[in-house]
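Understanding the architecture of this molecule
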Amino acid sequence: MSSIRTKDMFAYLDSIAPVGMKLEFDNVGHLVGRQEAEVNRVLVALDITDDVIAEAIELGAGLIVAHHPLIFKPCAHVTDADRTGQKLIQLIRHDIGAICMHTNLDAAVGGVNDVLAETIGLIDPKILWNVGEMDGAPYGLGRAGDIAASQSMPEFLAHVKQAVGATGLRYHDAGRPVRRVAVMGGSGSDALEYALAAGCDTYVLGEAKYSAFLAAKEQGLNLIEADHFCTENLVSAPLAQKIAAQFPVLAVTVSERLEQTARFYM
């Protein structure tokens, strides 16, 4: 291939995290820029923030591959009167495209939840929440599996904090040892029932509602909120490696401008 175009990158990403796997509410795919634009450098990031756009401009990256969509709802206008419009104007002004792969990358093999399960140390993890089937194979969100040896909750909390690189954790200790664990990158309160149905004693997720903590307490489930960013940004480096392997002529960089936004006052 003599040159890589944005449409080539999207076709590859769609092959490893099919857009057809996205949840109904989601807006994924090639969201900004020209399909025929030639790409020499790609910046991989969890979010398209002002800092990430500035980083792409400084690097000379013609394409940002992100997890969270820049545009979630239809745009009635694109002006500098709102944050999304300002970002879109900057991207288009500098001829930078944006491809966003969100819930489809959560569900895909080798995606967010598989990387999180591997990072936590789950053995032979299975899909936690089946949401559909593609080409005869089920796909879904979250993963569930056993860890190698039972741990106390304090031991497991220390392990999770270090593994995902979080500055702190919120948790409920149900007084149970940790052995069978469910994981969900990002928001995952709605999947608590699936963690219980899978026989898990512990559920690690990126972001939990107050009601999830109450439910965990009432149903005797260890619950660990390990930060939305920390549980999902883990996929950025493996995704960049896949892109680089598929397109060896490209310079592929993982954003260095993003970090955990939430901090804990100790």
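Being a predicted model, the structure only gives us computed values, none of them experimental.

What follows covers the overall build of the protein. If you tally the helices and strands in the protein, you get 10 helices and 11 strands. Its C-alpha radius of gyration of 19 Å places the protein within 12% of the 18 Å reference for a compact globule of 266 residues. Based on the C-alpha atoms only, the size of the protein along its principal axes is roughly 55 × 45 × 35 Å. The buried share of the protein, reckoned over its 266 residues, is 48%. Residue pairs at least 24 apart in sequence account for 67% of intrachain contacts in the protein once pairs closer than 6 positions are excluded.

Pairing within the open sheet is mixed, and its six strands lie in the order β5-β6-β8-β9-β10-β7. Each end of this open sheet is capped by a strand with a single partner; those strands are β5 (123-134) and β7 (170-172). When the angles between neighbouring strand axes are averaged without regard to direction, this sheet yields 20°. Examined bridge by bridge, strand β9 (residues 202-207) and strand β10 (residues 222-225) share four bridges and lie parallel to one another. Note on β10: the bridge partner recorded for Y203 is L223. Running at roughly 20° to β10, helix α6 (residues 153-164) makes contact with β6 (137-151), β7, β8 (178-187), β9 and β10 of the sheet. Together, β7 and β10 form the strand contacts of helix α8 (residues 210-219), whose direction differs from that of β7 by roughly 30°.

Criteria and cut-off values
- Residues numbered from 1 in each chain as written.
- Predicted model: local features only at pLDDT ≥ 70, side-chain atom pairs only at ≥ 80, totals over all residues.
- Heavy atoms only, no water.
- Helix = DSSP H or I, 4+ residues; strand = E, 2+ residues; numbered from the N terminus.
- Rg over C-alpha atoms; globule rule 2.2 N^0.38 Å.
- Buried < 20%, exposed > 50% of the residue type's maximum accessible area, 1.4 Å probe, protein only.
- Contact = heavy atoms within 4.5 Å.
- Pairing = 2+ DSSP bridges.
- Axes fitted to C-alpha atoms, helices over the stretch in contact; angles between N-to-C directions.

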